[in-house]
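# Tertiary structure, described
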Amino acid sequence: MRPDIILAFDTSAAHCAAALLCGDRLWLKTEAMEKGQAERLMPLISDLLAEAGVVLADVTAIGVGTGPGNFTGVRISVAAARGLALGLGVPAIGVTRLEALAYGLPRPVTVVEDARRGEVYVQRFEVDGPGEARIVSAEALGAIEGAVAGRDGLHSLPIAEAIARIASTRLGSVQPRPAPFYLRGADAAPPSDPPPVILDLAAS
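What comes next concerns the included structure.

Cut-offs applied
- Each residue is numbered by its place in its chain's sequence as written, counting from 1.
- Per-residue local features are limited, in this predicted model, to residues with pLDDT of at least 70; the limit for side-chain atom pairs, both in listing and counting, is 80 or more; totals at the level of whole chains, interfaces and linings are taken over all residues.
- As a rule here, side-chain values come from all non-hydrogen atoms in the structure, and water together with hydrogens is ignored.
- Under the scheme used here, helices are H or I runs from DSSP no shorter than 4 residues and strands are E runs no shorter than 2 residues, and both carry numbers assigned from the N terminus.
- Strand pairing is defined by DSSP finding a minimum of two bridges between the two strands.
- The axes are straight lines fitted to the C-alpha atoms, using for helices just the contacting stretch, and the angles between their N-to-C directions are given from 0 to 180°.
- Burial classification: accessible surface area is computed with a 1.4 Å probe over protein chains only, and a residue below 20% of its type maximum counts as buried, one above 50% as exposed, and the rest as partly exposed.
- Residue contacts are counted whenever heavy atoms from the two residues lie within 4.5 Å of one another.
- N or O atoms closer than or at 3.5 Å make up a polar contact, with two conditions inside protein: a donor-capable atom paired with an acceptor-capable one, and, for residues adjacent in sequence, both atoms drawn from side chains.
- The span one expects for a helix is its residue count, reduced by one, times 1.5 Å.
- Throughout, the term roughly parallel applies to angles under 35 degrees, roughly antiparallel to angles over 145, roughly perpendicular to angles from 65 to 115, and oblique to all others.
- Should the near helix be turned anticlockwise from the far one by less than a right angle, the crossing is termed left-handed; should it be turned clockwise, right-handed.
- Only Asp, Glu, Lys and Arg are considered charged, only Ala, Val, Leu, Ile, Met, Phe, Trp, Tyr, Cys and Pro nonpolar, and every remaining residue, Gly among them, polar.
- The salt bridge criterion pairs a side-chain nitrogen of Lys or Arg with a carboxyl oxygen of Asp or Glu, the two atoms within 4 Å.

## Some details on unusual backbone geometry
A cis geometry characterises the amide bond from Gly67 onward to Pro68, with omega recorded as 10 degrees. Relative to the helices and strands, Pro68 is located in the loop between β4 (61-65) and α2 (71-88). Cis geometry is found at the peptide bond from Arg107 to Pro108, where omega equals 0 degrees. Mapped onto the fold, Pro108 is located in the loop between α3 (97-102) and β6 (109-116). Positive phi outside glycine occurs at Arg116, with the angle close to 65 degrees. If you trace the backbone, Arg116 turns up in strand β6.

If you want it as structure tokens, here you go:
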């Protein structure tokens, strides 16, 4: 039986990353970039497929990074995954950045990711499953118990590869439609200008 071909990608940080997993074979492409992921993601996927010698119609599942991370980047990947899954008639499987960073590391482990503004994303992964993801001040980092991914000599797989491998473990089970995973509110604030006055011309 032909193995599943899983296409995975992530644009939740300053990169555009994609992986293709087919059985025990893996193709991976990652490009560092602060912006421009929306224009680069599909050409990067096309290059990856060409390198692997497959076409988009061969893909049997989509894995996508859902954040937390850059708001615009997360939305780019999630929207692309939904569109591709719908067009190909294949499942789309969302994977958070934190669980991808924890993949393959010995448990228990705590993943800590820079959230900027003096804060960090934190999630503890026990042997029997993950704890709650949260955002805390960087000063509170010293109180976190256990080994920390990114410290203590611990390293995870490339983000797109981890997403592909996690997605492969979830094939065949009912999965929610991928949605952005945010731990912080949007940066955009509503306008502070007063609302326009609506004149009742019939009363004048």
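## Regarding the sheet that holds strand β3 (residues 25-32)
If you walk across this open sheet you meet the 5 strands as β3-β2-β1-β4-β5, and the pairing is mixed. In this open sheet, the two edge strands, each paired with only one partner strand, are β3 and β5 (92-95). Sheet twist, expressed as the mean angle between neighbouring strand axes with direction ignored, is 15 degrees. Looking at chain direction, strand β2 (residues 15-22) and β3 are connected through 8 bridges and run antiparallel.

## Concerning the environment of Lys29
With respect to the element layout, Lys29 can be found in strand β3. Accessibility expressed as a relative area gives 22% for Lys29, which makes it partly exposed. For the pair Lys29 and Ala18, spaced 11 residues apart in the sequence, the C-alpha separation amounts to 5.4 Å. Leave out the neighbours within four places in its chain, and Lys29 touches Cys16, Ala17, Ala18, Leu44, Asp47, Leu48 and Glu51. At a separation of 3.1 Å, a polar atom in the side chain of Lys29 contacts the side chain of Glu51.

## Concerning α2
Taking 1.5 Å of rise per residue, 18 residues should cover 26 Å, and α2 covers 26 Å from first to last C-alpha, within 8% of that figure. Listed as buried for α2 are Phe71, Gly73, Val74, Ile76, Ser77, Val78, Ala80, Ala81, Leu84 and Ala85. Summarising the contacts, the buried residues of α2 are in contact with β1 (5-10), α1 (37-52), β4 and β5.

## As for the packing of α1 against α2
At a minimum axis distance of 10 Å, the contact between α1 and α2 shows a crossing angle of 40 degrees. In terms of axis orientation, α1 runs oblique to α2. The handedness of the crossing between α1 and α2 is right-handed. Note on element contacts: α2 touches α1 through Ile76, Ser77, Ala80 and Leu84, opposite Gln37, Ala38, Leu41 and Met42. For the contact of α1 with α2, the residue count by class is 6 nonpolar, 2 polar and no charged.

## Considerations on the pattern of salt bridges
One pass over the structure, following the stated rule, counts 9 salt bridges. Glu113 is the partner of Arg97 in a salt bridge, and the nearest nitrogen-oxygen pair spans 2.5 Å. Within this pair, whereas Arg97 is found in helix α3, its partner Glu113 is found in strand β6, the two being separated by 16 residues in sequence. Here Arg97 matches Glu113 in class, with each residue buried. Arg165 is paired through a salt bridge with Glu161; the nearest N and O atoms lie 2.9 Å apart. Of this pair, Arg165 and Glu161 both sit in helix α4 (residues 159-170), 4 residues apart, which is roughly one turn of that helix. Among the charged side chains, a salt-bridge network with shared partners connects Asp10, Arg97 and Glu113.

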